[in-house]
Amino acid sequence: MGKRVLLTGLDTFWGGRVAAALEKDPEIELLLGLGTGPPSVQLERTEYVRADTSYSILSRIVRATKVDTVVHTFLILDSSSGSGRTLHETNVIGTMNLLAAAGASGSSVRHIVVKSSSVVYGSHPADPAWFAEETPRSRPPRSRLERSICEVESYVRDFAEDNPGVKVALFRVANVLGADIDTPLSRNLARKLLPYVAGYDPLVQFVEEDDVVRCFEYAVRAGLDGAYNLAGSGKLPVSEVAAIAGARRLPLSPFLTRRAAAPLVAARLISFPRELEELLKYGRGIDTGKLARAGFLPATSSAGAVERFAQANRLRKAVGGQLPRYRYEADVEAFFKHSPAVVGPDEPAAS
Amino acid sequence: MPFPEVSELLPTLAGPDAARRSDVDEWGRSEHVRTLARAVGSPLYDHWFRVEWEGLEKVPRSGGALLIANHGGAIPADAPMIMHGIERELGRPVYGLADRWFRSVPGVGTLWSRAGGVAAHPDNAHRLLRDQGQLALVFPEGEKGPSKLASERYRLRRFGRGGFVETAMRAGVPVVPIAVVGAEESMPILYRSRAGAKLLKVPYLPFTLNHLLLGPVLGSFVYLPAKFRFRVLEPVRFDVEPGLERYPRGQVMEAAEAIRRQMQETLYEMLAKRRSIWFG
């Protein structure tokens, strides 16, 4: 019998991408995607359920569909994208409900894959150059985002402890760049204006968006268990990131940085959430040796991820308006998925 | 494909480093900046401090080793001079491990890192020594060395909690002690302001002989031309299994204390032989 997979955040960037990738795996018998809005990418056989993340709905879905794998990717990692309340509700409460539903008595779930972020390690002058999975943070989390991700991870750890029969893979993903992803850093680079804290030029790491998707695909297929760091090879200084992306650098005062940045943020010249400020002062490096030993190597290096982003940006600037975009049409999708009239894939046979 | 992803339209990259635009390595060190540092350091090394080595052949030519030295002078010149000397004489890079406080100072932290400095964290030392077989330089006295008054010069402070011994044991590399004479007199501290240090949030705020002679600006970065002598002592190897999480505290402290005692005796011997602070 094939795998039955439940995906969260189908309407978000990662949910859509991972679903599209998992669809190609013939061993997966059922793909079920939850989301609060319609999916953003074209999906072949993923069942879409418009559902929020309340416990009662999740536990009913898990019980009724007998899924054995849960892929959880919808954590908010940009503290400027919404209020602190949304951040807490989505990240902490959403994860708690999902894990509770997956761990309910008689649950069929045997494998959980969670996308976390390297912000759990923080960014501090006392940090080592490379964090291994078991290296503790140098200081307790202070920003809202870091606190929320740390809480999420503690729920995941508790779940793994309470459910020894369930494999729990947790990925701490470095800053992502690539052709399509939208993050505070990518927004700055796309505007060709990268703020930095004067006097600091720390080393940072990136992972290319397709590598993240491939990693989740691998994790589901190989049944990975435990916490893993995910990043492209190598590190590079922030000044070099600006050079590769062709962005001008905008110095901010090293003292009272947030206050110096506030008018620029308000004028929408730069994006500068707190987690970016800390990263731009002390950087961060995560050691991906454990994931490599588990059999997964990202195809693109840190510098390569920045280069891919820069190329995509140039391409989009030239022909962006002409690229066709997918729009979700509920009736059409329902027809293609469920009508007995549909007997083959809705793609030209040649591709 | 009806809806091509932008990523599918991009060319493939030539290699992992094809996109790199600088030569900054994973520790933040840049050969480019090192070349600049060498250009600045050379005249200081040759003509100002007139550095002389004894026993340089005891520094391993290959493989990891933890170099340790005594630390002196308000802004100690011993670290860059040792790094410069070994790099020039042996052709090996030396990574200087410094207090993490450095990293938080705008400008200074970045420059120090580009010139081969690394934050003193046990994980960093382990990676350098064991995984990469590099030379790392630490000052076990920590800030207690350079912050001492001129009247206390050449009296070694406590060697922390012996962390350097544990690091070397874990990495399975020798400790190579270097006794430094001259650095103390290049910027001797006459007075320390505790309140000033607190106010400026620095580990210590020194008032030096250089300030007295050259004024507050020049005196903060012009060294007195003391003669530097470095003597490399016999490398200390530990007969323990590397890679352990923890080593017996007693064994660690005993080894650290033995090294400290030997360095102190060497310093006294070198000072007894020294005829002049300025000419050696």
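Residues numbered from 1 in each chain as written. Chains lettered and ligands numbered in written order. Predicted model: local features only at pLDDT ≥ 70, side-chain atom pairs only at ≥ 80, totals over all residues. Heavy atoms only, no water.

A. How the structure looks around the overall build of chain A. The number of helices and strands found in chain A is 12 helices and 13 strands. Here the C-alpha atoms of chain A give a radius of gyration of 20 Å, agreeing with the 20 Å that 2.2 N^0.38 yields for 351 residues. With respect to the principal axes defined by its C-alpha atoms, chain A has extents near 65 × 50 × 40 Å. When the 351 residues of chain A are sorted by exposure, 55% land in the buried category. Separation between the mean location of the 43 positive side-chain charges and that of the 40 negative ones in chain A comes to 6 Å. (Helix = DSSP H or I, 4+ residues; strand = E, 2+ residues; numbered from the N terminus. Rg over C-alpha atoms; globule rule 2.2 N^0.38 Å. Buried < 20%, exposed > 50% of the residue type's maximum accessible area, 1.4 Å probe, protein only. Lys, Arg positive; Asp, Glu negative; His and termini not counted. Charge placed at Lys NZ, Arg CZ, Asp CG, Glu CD.)

B. Focus on the overall build of chain B. A tally of helices and strands in chain B yields 9 helices and 9 strands. Across its three principal directions, the C-alpha atoms of chain B cover 85 × 50 × 40 Å. Burial status across chain B gives 50% buried among its 280 residues. For chain B, the proportion of contacts with a sequence separation of at least 24, taken over those separated by at least 6, is 78%. Accessible surface, chain B as shown: approximately 13600 Å² in total, 57% of it carbon and sulfur. (Contact = heavy atoms within 4.5 Å. Areas by Shrake-Rupley, 256 points an atom, 1.4 Å probe, with all protein chains shown as cover.)

C. Up close: the pattern of salt bridges. Residues and elements named next belong to chain B. Tallying each qualifying case throughout the model produces 37 salt bridges over all chains. With its nearest N and O atoms 3.7 Å apart, the salt bridge here joins Arg29 to Glu31. The class of Arg29 is buried, set by a relative accessible area of 4%. Across the pair Glu52 and Lys227 runs a salt bridge whose closest N-O atoms are separated by 2.6 Å. (Salt bridge = Lys/Arg side-chain N within 4 Å of Asp/Glu carboxyl O.)

D. The arrangement of the interface of chain B and chain A in detail. Across the boundary between the two partners, chain B contributes 34 residues, which contact 47 residues of chain A. Between chain B and chain A, a total of about 3400 Å² is buried, with carbon and sulfur atoms accounting for 57% of that surface. For Asp287 of chain A, the salt bridge identified is with Arg127 of chain B, shortest N-O distance 3.0 Å. In this assembly, chain B and chain A are joined by 16 residue pairs in polar contact (both at pLDDT 80 or more). Listed by contribution, the elements that provide at least two residues to the side of chain B that touches chain A are helix H3 (108-114) and helix H4 (122-131) of chain B. Among the elements that make up the side of chain B that touches chain A, the one with the highest residue count is H4 of chain B (3 residues). Its residues assigned to classes, the side of chain B that touches chain A comprises 16 nonpolar, 8 polar and 10 charged. (Buried area = accessible area lost by both parts, 1.4 Å probe. Polar contact = N/O pair within 3.5 Å; in protein donor to acceptor, adjacent residues only side chain to side chain. Nonpolar A, V, L, I, M, F, W, Y, C, P; charged D, E, K, R; others polar.)

E. Local environment of unusual backbone geometry. Backbone geometry at Lys192 of chain A places phi at a positive 65°, although glycine is not the residue there. Among the secondary structure elements, Lys192 of chain A is positioned in the loop between helix H5 (184-190) and strand E8 (193-197). Lys192 of chain A gets classed as partly exposed once you look at its relative accessible area, which sits at 28%. Although it is not a glycine, Lys201 of chain B sits at a positive phi angle of roughly 55°. As for its position among the elements, Lys201 of chain B is in the loop between helix H7 (194-200) and strand E8 (206-208).

F. How the structure looks around H4 of chain B. What H4 of chain B keeps buried is the set Asn124, Ala125, Arg127, Leu128 and Leu129 of chain B. Residue Gly133 of chain B follows H4 of chain B closely and has a positive phi angle near 60°.

G. Seen up close, the pairing of strand E2 (residues 65-69) of chain B. All names here are of chain B. Among the 5 residues that make up E2, 5 are buried, leaving the element largely enclosed by the rest of the structure. Of the two faces of E2, the one lined by Ala65, Leu67 and Ala69 and the one lined by Leu66 and Ile68 are each fully buried. Judged from the 4 bridges that link them, E2 and strand E5 (residues 135-138) form a sheet pairing that is parallel. Pairing of Ala65 across the sheet is with Leu135, part of E5. Where E2 and strand E6 (residues 175-181) come together, 4 bridges link them in parallel fashion. (Pairing = 2+ DSSP bridges.)

H. Representation of the packing of aromatic side chains in the model. Residues and elements named next belong to chain A. Considering all chains together, one arrives at 14 aromatic pairs over all chains under this definition. Geometrically, the ring pair formed by Phe171 and Phe216 is edge-to-face, given 5.4 Å between the ring centres and 70° between the ring planes. Remark: Phe216 occurs in helix H6 (residues 209-222) and Phe171 occurs in strand E6 (residues 167-173); sequence separation between them is 45 residues. Taking the ring centre of Trp130 as reference, the NZ or CZ of Lys235 above it sits at 4.3 Å. Across from the ring centre of Tyr196, 3.9 Å away, lies the NZ or CZ of Arg249, which sits over that ring. (Phe/Tyr/Trp six-rings, centres within 6.5 Å; stacked < 30°, edge-to-face > 60°. Lys NZ or Arg CZ within 6 Å of the ring centre and 35° of its normal.)

I. Representation of the packing of helix H2 (residues 55-65) of chain A against helix H3 (residues 84-102) of chain A in the model. All names here are of chain A. Contact geometry for H2 and H3: axes closest at 8 Å, N-to-C directions at 35°. Handedness of the crossing formed by H2 with H3: right-handed. Across from Tyr55, Leu58, Ser59 and Val62 in H2, the residues of H3 making contact are Asn97, Leu98, Ala100 and Ala101. Of the residues belonging to the contact of H2 with H3, the class tally is 6 nonpolar, 2 polar and no charged. (Axes fitted to C-alpha atoms, helices over the stretch in contact; angles between N-to-C directions. Left-handed = near helix turned anticlockwise from the far one by under 90°.)

J. Fine view of the environment of Pro248 of chain B. Relative to the assigned elements, Pro248 of chain B resides in the loop between strand E9 (229-232) and helix H9 (249-273). Given a relative accessible area of 45%, Pro248 of chain B falls into the partly exposed group.

K. The environment of Pro141 of chain A, seen in detail. All names here are of chain A. Looking at where Pro141 falls in the secondary structure, it is placed in the loop between strand E5 (111-117) and helix H4 (144-162). With 19 residues separating them in the primary sequence, Pro141 and Gly122 have C-alpha atoms 6.9 Å apart. Each residue touching Pro141, except ones within four places of it in the same chain, is listed here: Glu146, Arg147 and Cys150.

L. Focus on a nonpolar patch on the surface. All names here are of chain B. Side chains of Leu190, Tyr191, Phe207, Leu212, Leu213, Leu214, Val217, Leu218 and Phe221 sit close together on the surface and give an oily, nonpolar patch of about 920 Å² of accessible area. Those elements giving two or more residues to the nonpolar patch turn out to be strand E7 (189-192) and helix H8 (209-214). Here the nonpolar patch gets 3 residues from one element, more than from any other, and that element is H8. Inspection of the secondary structure assignment puts Leu214 in helix H8. (Patch = residues over 30% accessible without salt bridge, like charges linked within 9 Å, V, L, I, M, F, W, Y side chains within 5 Å.)

These values are about where atoms sit, not about what they do.
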